[in-house]
Amino acid sequence: MEFFDCHCHTELSACAEDVSLQMYTEIAEKNDCAFCITDHSAHLFYPPGQAWAFWGDDAESIFDESYADGLIRCAEYVEWVRKAQTGNMLVGVELDVMPDGRLVFDPALLPELDFILGAVHGVRGLEDRPLDEVIDGYKSRTLRLFEAGARALAHPFREWKQKERTVPESLLEWLVETAKDAGVALELNCHFHVPEYDVPMLRLCAEAGVPIAIGTDTHRSYEFGDFTYHIEMLRQAGIAEDTWPTILMPAPVVVRSD
Ligand SMILES: [Zn+2]
Ligand SMILES: [Zn+2]
């Protein structure tokens, strides 16, 4: 089946390598594949030269100092991608949220996007804080993203794996239940492989009827269009291929007046 890739970065994401908006435009002109441009909102919002500030100790103060310019950069990004939009390419963002719940993007621009991919980046305290505290912070930021209109949650447990912190089964269950209540999809992401959490997440999603979003999280051109990991995980989770069209999140239907 044709997958909708909900997660692609351009040169405006500081961690992107050889990808560009131009590259995606050329792909969308030649192919009918559906995908969404989702640059990191923190990389867009924070000043050039301080792209990683969101992950640092001064995230809050730099956010406050650069707020007005951050809003302008967000607007410029949306306009830039919208102008390049062609074929089945969608305009979105990988939306960051501060630990205190403030969105790292202009909230007024969110309704203009075709798709919002929420992400809890920089999970606080994974290295050394008590599990209850880490979970509380993770849950509150997830809920804030859902409330802000995220249609899918990116790579739910990537950082837990990266920081070697075990995800409690109860948190996985909470996430699936909460996503179901909110009508939000959970992303199966291949940029960093987390099979030990992806397989149980897929099974729970399938049981609960929570849509699964397919994301390549393309940072390098060769990652685009490669769904090998997704297919392998869906198979390992025992999700029959004939059910994929109903369980996987379809490309959002975008109605534009212009
Ligand atoms: Zn991400
Ligand atoms: Zn990403």
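These numbers were taken from a predicted model, which means no experiment stands behind them.

S.K.: Give me the coordination of the zinc ion (ligand 2): which residues, what numbers.
M.R.: Here the zinc ion (ligand 2) is held by H7 (NE2), H9 (NE2), E94 (OE) and D217 (OD), and the distances to it run 2.0 to 2.3 Å. The sequence motif formed by the donor residues of the zinc ion (ligand 2) is H-x1-H-x84-E-x122-D. The distance between the zinc ion (ligand 2) and the zinc ion (ligand 1) comes to 3.4 Å, with E94 serving as a donor to both metals. Placement of the pair is E94 in strand β3 (residues 89-95) and D217 in the loop between β7 (212-215) and α9 (228-236), with a sequence separation of 123 residues.

S.K.: Lay out the pattern of salt bridges in plain terms, naming residues and giving numbers.
M.R.: With the rule as written, the count across this model stands at 12 salt bridges. The closest approach of N and O atoms between K161 and E196, which form a salt bridge, is 3.2 Å. Of this pair, K161 sits in helix α6 (residues 158-162) while E196 sits in helix α8 (residues 195-208); the two residues are 35 residues apart in sequence, bridging distant segments of the chain. Connected through shared salt-bridge partners, E17, R220 and E223 make up one network.

S.K.: Now, about the packing of α8 against α9: what can you tell me, with residues and values included?
M.R.: A pair of packed helices can be characterised by two numbers: the angle between their axes and the separation between those axes. Axis separation between α8 and α9 bottoms out at 9 Å; the angle between their running directions is 60°. Judged by the inter-axis angle, α8 sits oblique to α9. In this structure, α8 meets α9 at a crossing whose hand is right-handed. Contact residues: P195, D198, V199, L202 and R203 in α8; Y229, M233, L234 and Q236 in α9. Across the contact of α8 with α9, the residue classes break down as six nonpolar, one polar and two charged.

Basis of the calculations
- Residues numbered from 1 in each chain as written.
- Chains lettered and ligands numbered in written order.
- Predicted model: local features only at pLDDT ≥ 70, side-chain atom pairs only at ≥ 80, totals over all residues.
- Heavy atoms only, no water.
- Donors = N, O, S within 2.8 Å, 3.2 Å for Na, K, Ca; no water.
- Helix = DSSP H or I, 4+ residues; strand = E, 2+ residues; numbered from the N terminus.
- Salt bridge = Lys/Arg side-chain N within 4 Å of Asp/Glu carboxyl O.
- Axes fitted to C-alpha atoms, helices over the stretch in contact; angles between N-to-C directions.
- Parallel < 35°, antiparallel > 145°, perpendicular 65-115°, else oblique.
- Left-handed = near helix turned anticlockwise from the far one by under 90°.
- Contact = heavy atoms within 4.5 Å.
- Nonpolar A, V, L, I, M, F, W, Y, C, P; charged D, E, K, R; others polar.

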